[in-house]
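# Structural overview
The chain contents come next:
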Amino acid sequence: MDHLKELALEALKNTGYEEISLSSLSSSDYSKLPELINFLIKHCNEKKINISLPSLRIDAFSLDVMSKVQDVKKSSLTFAPEAGTQRMRNVINKGLTEEDILRGSHEAFLGGWNKVKLYFMLGLPTETDEDILGIGDIANKVAVEYFETVPKEKRNGRTIDIVASTSFFVPKPFTPFQWAPMNTKEEFLDKANKTRKGIMSQLNQKHIKYNWHEADASMMEGILARGDRRLNEVILKAYKKGCIYDAWGEYFKFDTWMETFEECGIDPFFYTTRERAEDEIFPWDILNCGVSKSFLLREWKNALENKPSSNCRLSCLGCGAASYGVGVCTENGKA
Ligand code: SF4
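About the thresholds
- Chains are numbered independently. Their residues run from 1 in the order of the written sequence.
- In keeping with the model being predicted, local features are shown solely for residues with a pLDDT of at least 70 and side-chain atom pairs are shown and tallied solely at 80 or more, while totals for entire chains, interfaces and linings include all residues.
- Just so you know, side-chain values use all the structure's heavy atoms and leave hydrogens and water out.
- Working definition: helices are DSSP H or I runs of at least four residues, strands are E runs of at least two. Numbering for both runs from the N terminus.
- The globule rule used here is 2.2 Å times the number of residues to the 0.38 power, and the radius of gyration it is set against is calculated over C-alpha atoms.
- A simple rule labels every residue: compare its accessible area, found with a 1.4 Å probe on the protein chains alone, to the largest value its type can have, and call it buried under 20%, exposed over 50%, or partly exposed in between.
- Whether two residues touch is decided by their heavy atoms; if any such pair falls within 4.5 Å, the residues are in contact.
- Salt bridges are counted wherever a side-chain nitrogen of Lys or Arg sits within 4 Å of a carboxyl oxygen of Asp or Glu.
- In short, DSSP must find at least two bridges between two strands for them to pair.
- Whenever a helix is involved, its axis is fitted only over the stretch in contact; in every case the axis is a line through C-alpha atoms, and angles between N-to-C directions fall within 0 to 180 degrees.

Moving on to the overall build of the protein chain. Across its full length, the protein chain carries 12 helices and six strands. A compact globule built from 335 residues should have a C-alpha radius of gyration of about 20 Å, and the protein chain, at 22 Å, falls within 12% of that. Seen through its principal axes, the protein chain has C-alpha atoms that stretch 65 × 50 × 45 Å. Per-residue burial for the protein chain yields a buried fraction of 41% across its 335 residues. Here the analysis covers contacts within the protein chain between residues at least 6 apart in sequence; of these, 72% occur between residues at least 24 apart.

Shown next as C-alpha cells:
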C-alpha cells in the first residue's frame, strides 16, 4: 500500500499529468482498494487531478467512490456479464450473476445513474441460441429494474439508456480455451444478427443500443494468437505490402492479409476454427508460465461440462502458478 501511494504521488509530481487511472483485470480483488482510492481522492481533489477508476464490482463502496470522482449524470455504469446465461457464465468461470447485475443497477439507479454499459462475448465454446438471446433479456431486465426503481416523478425528464456491446471470442494460449475452435466470420455475424434481433424483440428495446465488434479483426487476432513460426513469412510479406498499424480500423487491410496467406500456401483456418486434440503440442509449450498444461486441460474439460471452478483464494486448485513463489497463492503461507 505504501509503495503504491508513493508511486502514484511521484508519478503525478514528475509527469504533471492531470489524470491518474487505476487499471487491472480484477481491481476489486485487491483487498486494500478502498484505502488506496480514498487516499487518491483526497490527494487528487486538492490538486484538481482527475481519477479514472478501474472496472469495479458494483457495491455500496464503489458507488460511493464513483459518485465522488465522476459526474453521475454523465458517467455510465459498466458491467461485463460476458455471456447471456448463467450456464454460459459458469463455463467461463465468470462469478457475476444476474442478481449481482440487477442489485448493482438498482443501487446505482437510486444514486442517480441512468446509463449502463453491458459487455458480452459471442462465440464462446458450447454457446447456444439461448445464450445469445439471453443478452437481450439481461439488457431488458436492467431497463425494467430502472423503471421499477425510479418512479416517474423522480426521473426529471431522463430515462434509462443502455448500451450492449459484443466482441467475438478469440481463444488464447495459456488458457483452458487454447484447445477450442473459434467461430468463422459468417458464424460470428450470424450470432451478432441474432443478438440484434433478440434485443429488438424486447419490450424496452428503444432504450437499448447494440454495438458489435469487427469480425475480420477478430479473425486476424485469432490467427496470430495461436500462430506458429510458419506465420513469420506471412507477417513479413504482409508488412512489405503495407500492412502497418493494423490495430487502427482505417489501416487494416484484411484482404491483403488473406491474399498473403494464399501466396504462402498457408490455410488461416488451421489456426482458428480447428479444435485441437488433447495431446497436440502447441508452439507456446516451450514457455513455462507456471500454470501447467494438465491443469488447463482439466479446466477445459470442466468448461465443456458446465462445471465452474471454485475461487482458489479459498482453496488451492493446484494450477502450478505457486511454483514461481509469488502472487496471491503464496500470501499468508498458502499453497
Ligand atoms: S492458489 Fe495459487 S497455485 Fe493454487 S490454484 Fe490459485 S493461483 Fe494456482
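Moving on to the pattern of salt bridges. Taken as a whole and judged by the stated rule, the model has 19 salt bridges. Note that E98 is salt-bridged to K141, the shortest N-O span being 2.7 Å. In this pair, E98 sits in helix α5 (residues 98–110) while K141 sits in helix α6 (residues 129–149), placing the two residues 43 residues apart along the sequence. Under the relative-accessibility criterion, K141 is labelled partly exposed at 36%. Residue D129 pairs with K194 through a salt bridge whose shortest N-O separation is 3.1 Å. Residue D129 is found in helix α6, and its partner K194 is found in helix α7 (residues 185–200); the two are separated by 65 residues along the sequence. Exposure remark for K194: the relative accessible area of 28% places this residue in the partly exposed category. Each of D129, D190 and K194 takes part in salt bridges that share partners, so that together they form one network.

Once that is clear, we can look at the environment of S24. Structurally, S24 is set in the loop between β1 (19–21) and α2 (33–47). The class for S24 is partly exposed, based on a relative accessible area of 43%. Distance in space between the C-alpha atoms of S24 and V144 is 31 Å, their sequence separation being 120 residues.

Reading across the sheet, the four strands line up as β3-β4-β5-β6 and stay open at both edges, with parallel pairing between neighbours. Strands at the two margins of the open sheet, each flanked by one partner only, are β3 (77–82) and β6 (208–212). The mean inter-strand angle of the sheet, taken between neighbouring strand axes irrespective of direction, is 20°. As judged from the four bridges shared by β3 and strand β4 (residues 115–122), these two strands associate in the parallel manner. Residue pairing across strands places L77 opposite V116, the latter belonging to β4. Sheet strands in contact with α6 are β4, β5 (161–168) and β6, and its direction is about 170° off that of β4.

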